[in-house]
Amino acid sequence: MSSIAMPTTKTWISARDHSDSLRPLALAAPLLLLLLFSFGAPIVALLSRAVYEPTIANALPLTIAALRQDSGAGVPDEAVFRAFAIDLKDGQAAGTVYEFAKNLNTRLPGARSQVLRVARLAAQDQAITKEAMIKAAPLLGEEKSWSAIRVGTNRFTSFFLLSAFDLRWTGQWTIGAVPADQAVFLRVFGRTFLIATLVTLATLALAFPLAYLMTNLRPAMAAIVLVLVLLPFWTSILVRTAAWTVILQKYGILNDLMLWLGVTSDRIELMYSRTGLIIAMTHIQLPFTLLPIYSVMRSVQPSQLRAAQSLGGRPFTVFRRIYLPQVMPGVLAGCLLTFILCLGYYITPVLIGGASDQLISNFIANYVNAELNWEMAAALSFVLLASTLGLYITMTRYLGLDLFKMG
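Owing to the predicted nature of the structure, the values given are computational and were not obtained by experimental measurement.

Asks: Got a sec to walk through the UniProt feature "transmembrane region" (unreviewed entry) in the protein? Specific residues and values, please.
Replies: Residues given the UniProt feature "transmembrane region" (unreviewed entry) here are residues 193-213, 220-247, 327-347 and 376-395. Helix makes up 100% of residues 193-213 and strand 0%. Its end C-alpha atoms lie 30 Å apart. Overall, residues 327-347 shows 86% helix and 0% strand. The separation of its end C-alpha atoms is 32 Å.

Asks: Now, about the pattern of salt bridges: what can you tell me, with residues and values included?
Replies: Applying the stated criterion across every chain yields a total of six salt bridges. With a shortest N-O distance of 3.7 Å, Lys-102 and Glu-99 are connected by a salt bridge. You can see Lys-102 and its partner Glu-99 sitting in helix α5 (residues 97-107), three residues apart, about one turn around the helix. Residue classification places Lys-102 among the buried residues on the basis of a relative accessible area of 15%. Residue class for Glu-99 comes out partly exposed when judged on its relative accessible area of 38%. Residues Asp-256 and Arg-267 are paired through a salt bridge, measuring 2.7 Å at the closest nitrogen-oxygen approach. Here Arg-267 lies in the loop between α13 (253-261) and α14 (274-297) and Asp-256 lies in helix α13, a separation of eleven residues in the sequence. The exposure class of Asp-256 is partly exposed, given its relative accessible area of 35%. Owing to a relative accessible area of 22%, Arg-267 belongs among the partly exposed residues under this scheme.

Asks: How would you sum up the domain arrangement of the protein? Please name residues and give values.
Replies: Segmentation of the protein into domains returns domain 1 (55-155) and domain 2 (185-405). Taken over C-alpha atoms, the centre of domain 1 sits 51 Å from the centre of domain 2.

Asks: Give a detailed account of the packing of aromatic side chains, specifying residues and quantitative values.
Replies: The full count for this structure, using the stated rule, is seven aromatic pairs. Pairing Phe-193 with Phe-339 gives two aromatic rings, centres 5.9 Å apart and planes at 50°, and the pair type is tilted. Of this pair, Phe-193 sits in helix α10 (residues 185-216) while Phe-339 sits in helix α16 (residues 315-343), and the two are 146 residues apart along the sequence. Phe-339 gets classed as buried once you look at its relative accessible area, which sits at 12%.

Asks: Go over the packing of α10 against helix α18 (residues 360-369) with me, naming the residues and quoting the values.
Replies: Here α10 crosses α18 at 130°, and the two axes come no closer than 8 Å. Viewed along their axes, α10 and α18 adopt a mutual orientation that is oblique. Counting all contacts with α10, which are made through Phe-185, Val-188, Phe-189 and Thr-192, the residues of α18 involved are Ile-360, Phe-363 and Tyr-367. Looking at side-chain class alone, the contact of α10 with α18 contains six nonpolar, one polar and no charged residues.

Quick notes on the rules
Here the residue numbering is sequential within each chain, running from 1 through the sequence in written order. Thresholds applied to this predicted model are a pLDDT of at least 70 for local features of residues and 80 or more for the giving and counting of side-chain atom pairs; totals over whole chains, interfaces and linings are not thresholded and use all residues. Computation of side-chain values: all heavy atoms of the structure, hydrogens and water removed. UniProt positions are given in the numbering used here, feature names are shortened, and annotations may be inferred rather than shown by experiment. Each helix corresponds to a stretch of at least 4 residues labelled H or I by DSSP, and each strand to a stretch of at least 2 residues labelled E; elements are numbered beginning at the N terminus. We count a salt bridge whenever a side-chain nitrogen from Lys or Arg sits within 4 Å of a carboxyl oxygen from Asp or Glu. When a residue's accessible area, from a 1.4 Å probe over protein chains only, is under 20% of the maximum for its type it is buried; when over 50% it is exposed; and in between it is partly exposed. Boundaries of every domain are those given by an automatic assignment or by a domain database. Geometry of aromatic contacts follows a simple scheme: Phe, Tyr and Trp rings, the Trp one being its six-membered ring, pair when their centres are within 6.5 Å, and the pair is stacked under 30 degrees between planes, edge-to-face over 60, tilted otherwise. To get an axis, fit a line to the C-alpha atoms, keeping to the stretch in contact for a helix; angles then go from 0 to 180 degrees between the N-to-C directions. Roughly parallel refers to an angle under 35 degrees, roughly antiparallel to one over 145, roughly perpendicular to one between 65 and 115, and oblique to any angle outside these ranges. Contact definition: two residues touch when any of their heavy atoms are within 4.5 Å. Under the grouping applied here, Gly and all other residues not named as nonpolar or charged are polar, the nonpolar ones being Ala, Val, Leu, Ile, Met, Phe, Trp, Tyr, Cys and Pro and the charged ones Asp, Glu, Lys and Arg.

Dropping the structure here:
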C-alpha cells in the first residue's frame, strides 16, 4: 500500500506565516488600487504626451504615403502636394484640421494661419496645384517646413523634450540650440531653482535657531512657540498669500514698520518683486523646515554636550563635532522638503511675483489652461519631476538621508 504524506508542523507554521504576511497587503490593496487609478494613471497618461504625439500622423495618412515615394529631402514634388491637399480637405470636413494646424504651429511658428488658408482652398478647389498652395502658404515652399512635417509624422517624438531644454533638431539631423529670442525654458528653470534655493536658505536661517531655542525652553513654553509656528500652517496657502499681498503693499504694514524703525528712508516696492516673493514663500515654508530640525534636536542628549565640555572642548568645537553631526539629518530633511515644495509653487508667484518672477509651474499651467498645449506641459512636467527625483535620490544615496525615517 502506498503511504500518504501528512503535512508536518513546520509546513503548517510556514503556511500560516505566509498568510499572515499577505494579510496587510490584502487590507491595503483597495487603497493601492485607488492611488493607481486616481493618481498614478493620470500622471503617466500626462507624461506620455511628452513623447507620444500622433496628431500629425493621423491627419496626413496620404501625405505620409506620398513622402515615402519621394526620395528628396527638400520641398517634395507635385504628388506629395496633391496628397497633402486631399488630407487637408478631409481634415476640414472632419473638423480636425485646426488641431493639426495648431500642432504644426508649435513646431513651425506661423504655420497655423497658412495651413488653415490652404485647407479652405483645398475644400473649394478639387485640383489645387503646388504653385497655388505655395502662393497661399509660402511656408510650404521652404525646406524647413517639410522637414518639420516629416519629423511630425512620427508618432513618437523627442521634439517637446528637446524644446524643454531650448534645443531642436536641425535640418542636418543634429541637435542645436533654438534662436535666442525663443530660448526661455532654461532661464525659467534656472530662476525656479534659484528662488527655491534662496527660500530654503532663508527658512534654514530662521528655523535652526528657533528649533534650538524651543529645545531649551520649558515644555509648556516650547509648546506655545510651536503652536505659534504651526498656526499659519493650518490656514490655506491661498489665504496666507492673500494676506501677504496686503502686508507687502507700498503703503502696507511692512513698509510702515520699516519706516518707523528707520530701516528705510522711503517706501519700497515689495509687491510684484522677487524680494516680496521670497518673503512670502519663506513664511509659508518655515514649518516644513522647522519641524524635521526640531524633531531631531529633541533626540540629542544634553549629557553628551556636557561631557564634551568637561573634557576640555570649547563651545564651538562641541557644536561642530558633537551637536551638528547629530542634527544634520534633520537639517537636510527640512531643507530638501522645502526645496522640493518650492519647485512647484504656483499661487504665490502669480499673486506676489512680478512678470520676471514666474516659475516653471506657471508656464505649465499656462500651456494647460490657455494654450491647450498638453505636449509642452507634459515635457516641462517630466523635466521638473525628473529633477526632483534625481535630487531626492542623490540626497538619500550619497548623504544617507531618508525622509521616511525622520521623526
